[in-house]
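Listed below are the residues making up each chain.
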Amino acid sequence: MRQWVEKARQGDTEAFAQLMAHCRGMAYAVSCDMLKDVHLAEDAVQEAFLEAFLNLHKLSEPAAFPGWFRTIVVRQCQRTLRRKRHTLLPLDEALQGLQNEPGAADILERKEAEQVLQSSVAALSAKLRVPVQLFYFYGYSLQEISGYLGTPVQTLKKRLHDARQKLKGTLPVADLASVFNHLYEGGRNMLHIVNGDVVGNMLKHGIVQGDVLVWREIYSSGPIFANLSGSRERAERARVLETALGIPANEYITNCEEQERKLCEYAQYDEVVLWFEHDLFDQSMLAYLLHWFKGRKLGRTKLSLLCIGEFPGIERFHGLGQLTPAQLGTLSGTWRSIGPQEIELGSELWQAYASPDPARMADLLDQKKAELAASGLPYASDAFRTHLMRLPSVQNGLGIVEQTTLQAVASGANTPLELFRQVTDALHVLGMGDLEYWKVLRALTAGEEPLLHIEGAEGYTDFRRIPEFLNRRVTATALGQQIQEGAADRVLVQGIDEWYGGLHMQGHEVPWRWDTEAGQLVRSE
């Protein structure tokens, strides 16, 4: 949000539109609560956005935008109330979209439940009612609500708890269980899907209740197909990953079958929470899961997302695995609801990523830029655009990882360990692990015309077998220096055999390249 505010202050209308889309639900909820009229609330929100746009230059600190904007919304509602123009109408659409195409009997039952719920929530005091609406009805995280209302997260949690206790006295037990139990943080009938064993183990030890599924995949490496559940596609992917990363094919296939079997049991849970980060490693995994869910009816299962790209006090945030259990615990319950928009966007991203035509991804990122930024997938654009930058460049045939590696060597990094640290820090948006990076380093040192030389590594195809490998001396060859400086082309000299999502490049001629200077994808002539 800070980035949108800063750009909007500089006159970027697209950034302000993204800011409006993100804050509209919170502004609308507060306006409806004050005016009791959906039409007047819409007018008040529009006028508040106009006032905010005209006065944004007066906001000295971008981080204060949520509270500053709420003041404008409240002031606009007060003006409306003074004009005596409002009528008392209920908010009748707060829960629309939580179900997927129910039958006639389900619609009737749900409508009756919603009416009971709406009237019960409306009877709460304002300090309980607004957080309930923002958290449960609109899906904002506790941190977002805290910034908007100026209320500490712990206070909000207490108010949500108090609201639940009060609602138990007015709602039928069955309705309360089906509508709220699976929405409240820490619910037992939940499935949490995470990307690593470190995070998974921490969650299992009291941070959340419910089941934890560690999704073990590396979609940022190896061949990608739109359907990875097919036996032929899975076997091909297993073969390449065994060759490139040393992952045993049988072990890979068994793990995929087991985790998808668990995923297919999603309907037994009230809520599925996806825990992911900002980098390509995670964003490709998130896109796959959203594509998978698009082909299923969620029914009463709620889909939620916790996706972060930074954490207070951590200068270089690589992922959730950096956090202590106490830090990870502060994120519990801050996930947001995601619906058809995010599921559709995720599916589109996955299909573009799996396509052998990278222009499909480039076009999608351009066309959906504002939509992605305003959705629950704000990190997808940077992650997948950096994915395209992995392609051989027009300038010297190096992708961004290889180029960054050679630059690090030229700057003085002279061991595999130093290179791994520097390159993964510089390209944290890729989320590379050691297996992925060693594959890149091995390619740079392989063949009759290597770009790098690792002392004592001659004859080894598996770096893990080299004694004290991490501290071996790394130097650039004369060819490596020429290519790094743009005096030769890596693809023309060495050739290539690499998968970039669904695109497989082989040989000394490639159909697509990345123009580093222009920052765009180009078709090779």
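Just so we're clear, the structure is a prediction, and the values are computed from it rather than from any experiment. (Residues numbered from 1 in each chain as written. Predicted model: local features only at pLDDT ≥ 70, side-chain atom pairs only at ≥ 80, totals over all residues. Heavy atoms only, no water.)

**So, the side chain of serine 284**
Here is step 1 of the chain: For serine 284, the position within the fold is in helix H13 (residues 280-294).
Here is step 2 of the chain: With relative accessibility at 0%, the residue serine 284 sits in the buried group.
Here is step 3 of the chain: Contacts of serine 284, omitting those with residues within four sequence positions, involve Tyr219, Ser220, Trp350, Tyr353 and Phe384. (Helix = DSSP H or I, 4+ residues; strand = E, 2+ residues; numbered from the N terminus. Buried < 20%, exposed > 50% of the residue type's maximum accessible area, 1.4 Å probe, protein only. Contact = heavy atoms within 4.5 Å.)

**Remarks on helix H11 (residues 231-245)**
Here is step 1 of the chain: Taking 1.5 Å as the rise per residue, H11 with 15 residues should run 21 Å; its terminal C-alpha atoms sit 20 Å apart, in good agreement.
Here is step 2 of the chain: Of the positions making up H11, those classed as buried are Glu233, Arg234, Arg237, Ala238, Val240, Leu241, Ala244 and Leu245.
Here is step 3 of the chain: Of the surrounding elements, those touching the buried residues of H11 are helix H12 (249-263), helix H21 (434-445) and strand S8 (496-500).
Here is step 4 of the chain: A positive backbone phi angle near 80° is found at glycine 246, which sits one or two residues after H11. (Expected span 1.5 Å × (residues − 1).)

**Some words on the sheet that holds strand S5 (residues 336-337)**
Here is step 1 of the chain: Spatial ordering of the open sheet is given by S2-S1-S3-S4-S5, a layout of five strands whose pairing is mixed. This sheet does not close on itself; its edge strands, each paired only once, are strand S2 (211-214) and S5.
Here is step 2 of the chain: In this structure, strand S4 (residues 302-308) lies alongside S5, joined through two bridges in antiparallel fashion. Looking at S5, one finds that serine 304 is bridged to serine 337. (Pairing = 2+ DSSP bridges.)

**Some words on the environment of histidine 278**
Here is step 1 of the chain: Residue placement: histidine 278 occurs in the loop between strand S3 (271-277) and H13.
Here is step 2 of the chain: On the basis of relative accessible area, histidine 278 is assigned to the buried category, the value being 6%.
Here is step 3 of the chain: Sequence spacing of histidine 278 and tyrosine 379 is 101 residues, and the spatial spacing of their C-alpha atoms is 5.2 Å.
Here is step 4 of the chain: Apart from the residues within four sequence positions on either side, histidine 278 is in contact with Gln283, Ile308, Gly309, Phe317, His318, Tyr379, Ala383, His428 and Val429.
Here is step 5 of the chain: Here the side chain of histidine 278 touches histidine 428 through a polar contact of 3.2 Å, side chain to side chain. (Polar contact = N/O pair within 3.5 Å; in protein donor to acceptor, adjacent residues only side chain to side chain.)

**What about the packing of helix H19 (residues 400-410) against H21?**
Here is step 1 of the chain: Look at H19 against H21: their axes get within 11 Å of each other, and the N-to-C directions meet at 70°. With respect to H21, the element H19 is oriented roughly perpendicular. Mapping the contact onto sequence places Val401, Glu402 and Thr405 in H19 and Tyr437, Val440, Leu441 and Leu444 in H21.
Here is step 2 of the chain: Classifying every residue of the contact of H19 with H21 by side-chain character gives five nonpolar, one polar and one charged. (Axes fitted to C-alpha atoms, helices over the stretch in contact; angles between N-to-C directions. Parallel < 35°, antiparallel > 145°, perpendicular 65-115°, else oblique. Nonpolar A, V, L, I, M, F, W, Y, C, P; charged D, E, K, R; others polar.)

**Notes on a nonpolar patch on the surface**
Here is step 1 of the chain: On the surface, Leu50, Phe53 and Leu54 cluster together into a nonpolar patch covering about 290 Å² of accessible area.
Here is step 2 of the chain: Relative to the helices and strands, leucine 54 resides in helix H3 (residues 38-55).
Here is step 3 of the chain: Taking relative accessible area as the criterion, leucine 54 reaches 53% and is therefore assigned exposed. (Patch = residues over 30% accessible without salt bridge, like charges linked within 9 Å, V, L, I, M, F, W, Y side chains within 5 Å. Areas by Shrake-Rupley, 256 points an atom, 1.4 Å probe, with all protein chains shown as cover. Salt bridge = Lys/Arg side-chain N within 4 Å of Asp/Glu carboxyl O.)

**Some remarks on the confidence of the model for the protein chain**
Here is step 1 of the chain: In the predicted model, the protein chain carries a mean pLDDT of 84, and the fraction of residues at 70 or more is 87%.
Here is step 2 of the chain: Low confidence marks residues 172-187, where pLDDT is under 50. Its contacts with residues over four positions away, or in another chain, come to 42 contacts. (pLDDT = per-residue confidence, 0-100.)

**Looking at the nonpolar core**
Here is step 1 of the chain: Counting 96 residues, the largest nonpolar core has Ile193, Leu274 and Leu349 as its most contacted members.
Here is step 2 of the chain: If we ignore the near neighbours within four places in the chain, the residues touching leucine 349 are Ala287, Met361, Leu364, Leu365, Leu372, Leu377, Ala380 and Phe384.
Here is step 3 of the chain: Cys23, Ala52, Phe135 and Ile145 belong to the second largest nonpolar core, which has 45 residues in total. (Core = buried A, V, L, I, M, F, W, Y, C linked by side-chain atoms within 4.5 Å.)

**Details of the pairing of S4**
Here is step 1 of the chain: When you tally the buried positions in S4, you get seven out of seven residues, the bulk of the element.
Here is step 2 of the chain: Where S3 meets S4, seven bridges bridge the pair, whose relative direction is parallel. When the sheet's bridge partners are listed, valine 272 is paired in S4 with leucine 303.
Here is step 3 of the chain: Of the crossover connections in this fold, the one passing from S3 over H13 to the parallel S4 is right-handed. (Right-handed = clockwise from strand over helix to strand, strands pointing away.)

**Let's talk about the packing of aromatic side chains**
Here is step 1 of the chain: This model, assessed by the stated rule, comprises 19 aromatic pairs.
Here is step 2 of the chain: The interplanar angle of 85° and the centroid separation of 5.8 Å between the aromatic rings of tyrosine 266 and tryptophan 292 together place this pair among those described as edge-to-face. With a gap of 26 residues between them, tyrosine 266 in the loop between H12 and S3 and tryptophan 292 in helix H13 connect regions that are remote in the sequence. We note that tyrosine 266, like tryptophan 292, is buried.
Here is step 3 of the chain: Seen from their ring centres, tryptophan 350 and tyrosine 353 are 6.0 Å apart, and the 55° between their planes marks the pair as tilted. Of the two residues, tryptophan 350 and tyrosine 353 both sit in helix H15 (residues 340-354), three residues apart, roughly one turn of that helix.
Here is step 4 of the chain: Taken together, the aromatic side chains of Trp215, Tyr219, Tyr288, Trp350, Tyr353 and Phe384 make up a single cluster linked through ring pairs.
Here is step 5 of the chain: Lying across the ring of tryptophan 292, arginine 296 places its NZ or CZ 3.8 Å from the centre.
Here is step 6 of the chain: Between the NZ or CZ atom of arginine 442 and the centre of the ring of phenylalanine 463, over which it lies, the distance is 5.8 Å. (Phe/Tyr/Trp six-rings, centres within 6.5 Å; stacked < 30°, edge-to-face > 60°. Lys NZ or Arg CZ within 6 Å of the ring centre and 35° of its normal.)

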